[in-house]
Amino acid sequence: MEKTNVMRILDQKKLEYRSHFYGDTGAISGTDVAQALNENPQSVFKTLVTAGKSKKYYVFMVPVCEELDLKKAAKSVNEKSIEMIKSKELLPLTGYIHGGCSPIGMKKLFTTVIHYTANSFDKIFFSGGRIGCQIEMSFESLRKVIPINTADIIVNKNRSEERRV
């Protein structure tokens, strides 16, 4: 397979990674991708791009089976509020399309926060910069490419279930 921009950046930095191509599996959602890779969905991260009330952009990475908590995410970057950007804004802003957005190689370097559980895996998975491609590498290696913070940024499902009772 042809190398993506993400792979070229990782090669330049001489970082260890593995690329996984799953284009012929029919995987569409993040959990489908985790299943196609035969990996724990908690170790496969989706990349989400948001805009803060201050008009700054932020990147958040959460496990594919989880949902970004916008309030927790805003707090993690000292914003009053954040919202997801529209799909049509993604390509001009990042250089990536929906479903193929990687935290590595965006047009600009944005503040990036990953869910703190990334620290608990030997390897994590995230988009290789195009649909059908995932990168597997250690969280510490990812930190050598982009500055990345950790925080609790996912919806606590137990709490929302408790509120309903």
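Not measured: the values here are computed from a predicted model.

Moving on, we get to the overall build of the protein chain. Along its length, the protein chain carries six helices and eight strands. Start at the N end of the protein chain and walk to the C end: the helices and strands fall as α-β-α-β-β-α-β-α-β-β-β-α-β-α. Taken against the 2.2 N^0.38 rule, which gives 15 Å for 165 residues, the C-alpha radius of gyration of the protein chain at 15 Å falls within 12% of a compact globule. Across its three principal directions, the C-alpha atoms of the protein chain cover 50 × 35 × 30 Å. The burial tally for the protein chain puts 47% of its 165 residues in the buried class. Taken as a whole, the protein chain presents about 9400 Å² of accessible surface, with 48% of it coming from carbon and sulfur. In the protein chain, which carries 25 positive and 18 negative side-chain charges, the distance between the mean positions of the two groups comes to 8 Å.

Let us look at the confidence of the model for the protein chain. On average, residues of the protein chain score 92 in pLDDT, and 93% of them reach the 70 mark or higher. Within the model, the stretch residues 160-165 combines pLDDT values under 50 with zero contacts to residues more than four positions away or in other chains.

Before going further, it helps to spend a moment on a nonpolar patch on the surface. Residues Leu 91, Ile 97 and Ile 131 make up a contiguous nonpolar surface patch of about 280 Å² in total accessible area. Along the chain, Ile 97 turns up in the loop between helix H4 (87-94) and strand S5 (111-115). Judged by its relative accessible area of 46%, Ile 97 is partly exposed.

With that out of the way, let us pick up the sheet that holds strand S4 (residues 82-84). The sheet built from five strands is open, its strands ordered S4-S2-S3-S5-S8 with mixed pairing. In this open sheet, the two edge strands, each paired with only one partner strand, are S4 and strand S8 (148-151). For this sheet the average axis-to-axis angle between neighbouring strands, irrespective of direction, equals 35°. Pairing between strand S2 (residues 45-52) and S4: three bridges, direction antiparallel. Paired with Gly 52 across the bridge in S4 is Ile 82.

All right, on to helix H1 (residues 5-12) then. For H1, every residue scored as buried is listed here: Val 6, Met 7, Ile 9 and Leu 10. The arc that holds the buried residues of H1, viewed along the axis, is 160°, so those residues lie on one side. Buried residues along H1 sit in contact with strand S1 (18-21), strand S7 (133-137) and helix H5 (139-145). Residue Lys 14 follows H1 closely and has a positive phi angle near 55°.

Scanning the model with the defined rule gives one aromatic pair in all. A centroid spacing of 5.9 Å and a plane angle of 65° characterise the contact between Tyr 57 and Phe 110, whose relative ring orientation is edge-to-face. Placement of Tyr 57 in strand S3 (residues 57-63) and of Phe 110 in the loop between H4 and S5 is noted, with a sequence separation of 53 residues between them.

For the rest of this paragraph, the subject is the side chain of Glu 136. Note that Glu 136 resides in strand S7. Within the local environment of Glu 136, its side chain forms a polar contact with the side chain of His 20, the two groups lying 2.6 Å apart. The contact partners of Glu 136, leaving out residues within four places of it in the chain, are Tyr 17, Arg 18, His 20, Lys 123, Ile 124 and Phe 125.

Glancing now at the state of the cysteines. Counted under the stated rule, the structure contains zero disulfides. Left without a disulfide partner, Cys 65 is nearest to the cysteine sulfur of Cys 101, which lies 19 Å away. Note on Cys 65: relative accessible area 23%, which makes it partly exposed. Take Cys 133: it sits in no disulfide, and the sulfur closest to it among the cysteines is that of Cys 101, at 13 Å.

What counts, and where the lines are drawn
Sequence order as written defines residue numbering, which begins from 1 separately in each chain. In view of the model being predicted, local features appear only for residues whose pLDDT reaches at least 70, and side-chain atom pairs are presented and counted only at 80 or more, with totals across whole chains, interfaces and linings using the full set of residues. Note that the side-chain values use all heavy atoms of the structure and ignore hydrogens as well as water. By definition, any uninterrupted DSSP run of H or I lasting at least four residues is a helix, any uninterrupted run of E lasting at least two residues is a strand, and each is numbered from the N terminus. Throughout, the radius of gyration refers to the C-alpha atoms, and the reference size of a globule is 2.2 Å times the residue count to the power 0.38. Relative accessibility decides the category of a residue: with a 1.4 Å probe and only protein chains considered, values under 20% of the type maximum give buried, values over 50% give exposed, and everything between is partly exposed. Computed with a 1.4 Å probe, the accessible areas rest on the Shrake-Rupley method; for each residue, only the protein chains presented here act as cover. Neither His nor the chain termini are counted; the positive set is Lys and Arg, and the negative set is Asp and Glu. Taken as the charge location is NZ of Lys, CZ of Arg, CG of Asp or CD of Glu. A residue's pLDDT is simply how confident the predictor is in it, with values from 0 to 100. Pairs of residues are marked as contacts when any of their non-hydrogen atoms sit within 4.5 Å. Patch membership requires over 30% relative accessible area and the absence of a salt bridge. Like charges are linked within 9 Å, and nonpolar side chains (Val, Leu, Ile, Met, Phe, Trp, Tyr) within 5 Å. Whenever Lys or Arg places a side-chain nitrogen within 4 Å of a carboxyl oxygen from Asp or Glu, that contact is recorded as a salt bridge. Whether two strands pair depends on DSSP finding at least two bridges between them. Convention adopted: a line fitted to C-alpha atoms gives each axis, helices being fitted over their contacting stretch, and angles between N-to-C directions are expressed from 0 to 180 degrees. What the arc describes is the spread of directions from the helix axis to the C-beta atoms. Stacked, tilted and edge-to-face pairs are distinguished by plane angle, under 30 degrees for stacked and over 60 for edge-to-face with tilted covering the rest, among Phe, Tyr and Trp rings (Trp via its six-membered ring) whose centres lie within 6.5 Å. Polar contact is the term for a pair of N or O atoms within 3.5 Å; when the atoms are in protein, one must be able to donate a hydrogen and the other to accept it, and sequence-neighboring residues count only if both atoms are side-chain atoms. We call a pair of cysteine sulfur atoms a disulfide whenever their separation is within 2.5 Å.

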